[in-house]
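# Structure at a glance
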Amino acid sequence: MKNEKVKLFLVDDDAIFLKSLEIEFLHHADFVIETFATGELCMENISHNPDVIILDYHLDGINKVAMNGMQTLDKIKAFNPDISVIMLSSQDKIEVAVNCMHHRAFDYVVKSETAFTRLQKIMTTIFQYKKMEKELNWYMERM
């Protein structure tokens, strides 16, 4: 089996934050990265089958009537519930994080100087979890 690169979507309406996140991920790992400024653009390209999507909570900086992060999250999960989505927000509110989890986000990260480190750790957890899930399915099929 060949080792395929992880496909990562970054979705944020803050162009500077989006570019810095892209640069950080490209600098620290070998990803195929696609970036989008809106949830609509993300959904137009969802058929590219990303492994992980890092999604901003608000997404209304460019267009006030654009889909927000929660609406985008729901559409992603309707398209493919197996895509892991990490929500990003400048809001440090527990109710926002809980709401994201209720909508099946894998995790929630507050935008801060430690956000990239947290995102890296969460990505590692996602791939460990997916590996365990594959192994478990392999064993279950043989029982």
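Overview of the structure. Just so it is clear, the model here is predicted, and its values are computed rather than measured.

Ranked by size, the top nonpolar core spans 22 residues in total, and within it Ile-53, Leu-55, Ile-76, Val-85 and Met-87 carry the most contacts. Going through the elements one at a time, β1 (6-11), α2 (39-44), β3 (52-56), α3 (69-79), β4 (84-89) and α4 (94-102) are the ones with two or more residues in this core. Once residues lying within four places of it in the same chain are set aside, the contact partners of Val-85 are Ile-53, Leu-55, Leu-73, Ile-76, Lys-77, Ala-105, Phe-106 and Asp-107. Residues Phe-25, Phe-31, Val-109 and Ala-115 belong to the second largest nonpolar core, which totals 20 residues.

On to the pairing of strand β2 (residues 31-36). Note: β1 against β2, six bridges, orientation parallel. The residue bridging Val-11 from the neighbouring strand is Phe-36, located in β2.

With that settled, consider the side chain of Lys-77. Residue placement: Lys-77 occurs in helix α3. It is Asp-82 that comes nearest to the buried, bridge-free Lys-77 among opposite-charge side chains, at 6.9 Å. Here the side chain of Lys-77 touches Ile-83 through a polar contact of 2.7 Å, landing on its backbone oxygen. Once residues within four sequence positions are removed from consideration, Lys-77 is found in contact with Ile-83, Val-85, His-103 and Arg-104.

Overall, the coordinates contain five aromatic pairs when judged by the stated rule. Pairing Phe-25 with Phe-31 gives two aromatic rings, centres 5.5 Å apart and planes at 80°, and the pair type is edge-to-face. The exposure classification of Phe-25 matches that of Phe-31, with both residues buried. Consider the rings of Phe-25 and Phe-116, whose centres lie 4.8 Å apart with planes at 70°: the pair is edge-to-face. Within this pair, whereas Phe-25 is found in helix α1 (residues 15-28), its partner Phe-116 is found in helix α5 (residues 115-141), the two being separated by 91 residues in sequence. Judged by relative accessible area, which is 12%, Phe-116 ranks as buried.

Of all the positions in α3, only Gly-69, Met-70, Thr-72, Leu-73, Ile-76 and Lys-77 are classed as buried. Burial along α3 is one-sided: seen end-on, the buried residues are contained in an arc of 160°. Close packing links the buried residues of α3 with α2, β3, β4 and α4. Near the N-terminus of α3, the side chain that reaches the backbone nitrogen of Met-70, with its oxygen 2.9 Å away, is that of Asn-68.

Conventions and cut-offs
- Residues numbered from 1 in each chain as written.
- Predicted model: local features only at pLDDT ≥ 70, side-chain atom pairs only at ≥ 80, totals over all residues.
- Heavy atoms only, no water.
- Core = buried A, V, L, I, M, F, W, Y, C linked by side-chain atoms within 4.5 Å.
- Buried < 20%, exposed > 50% of the residue type's maximum accessible area, 1.4 Å probe, protein only.
- Helix = DSSP H or I, 4+ residues; strand = E, 2+ residues; numbered from the N terminus.
- Contact = heavy atoms within 4.5 Å.
- Pairing = 2+ DSSP bridges.
- Lys, Arg positive; Asp, Glu negative; His and termini not counted.
- Salt bridge = Lys/Arg side-chain N within 4 Å of Asp/Glu carboxyl O.
- Polar contact = N/O pair within 3.5 Å; in protein donor to acceptor, adjacent residues only side chain to side chain.
- Phe/Tyr/Trp six-rings, centres within 6.5 Å; stacked < 30°, edge-to-face > 60°.
- Arc of directions from axis to C-beta.

No statement about biological role is implied by the geometric values presented.
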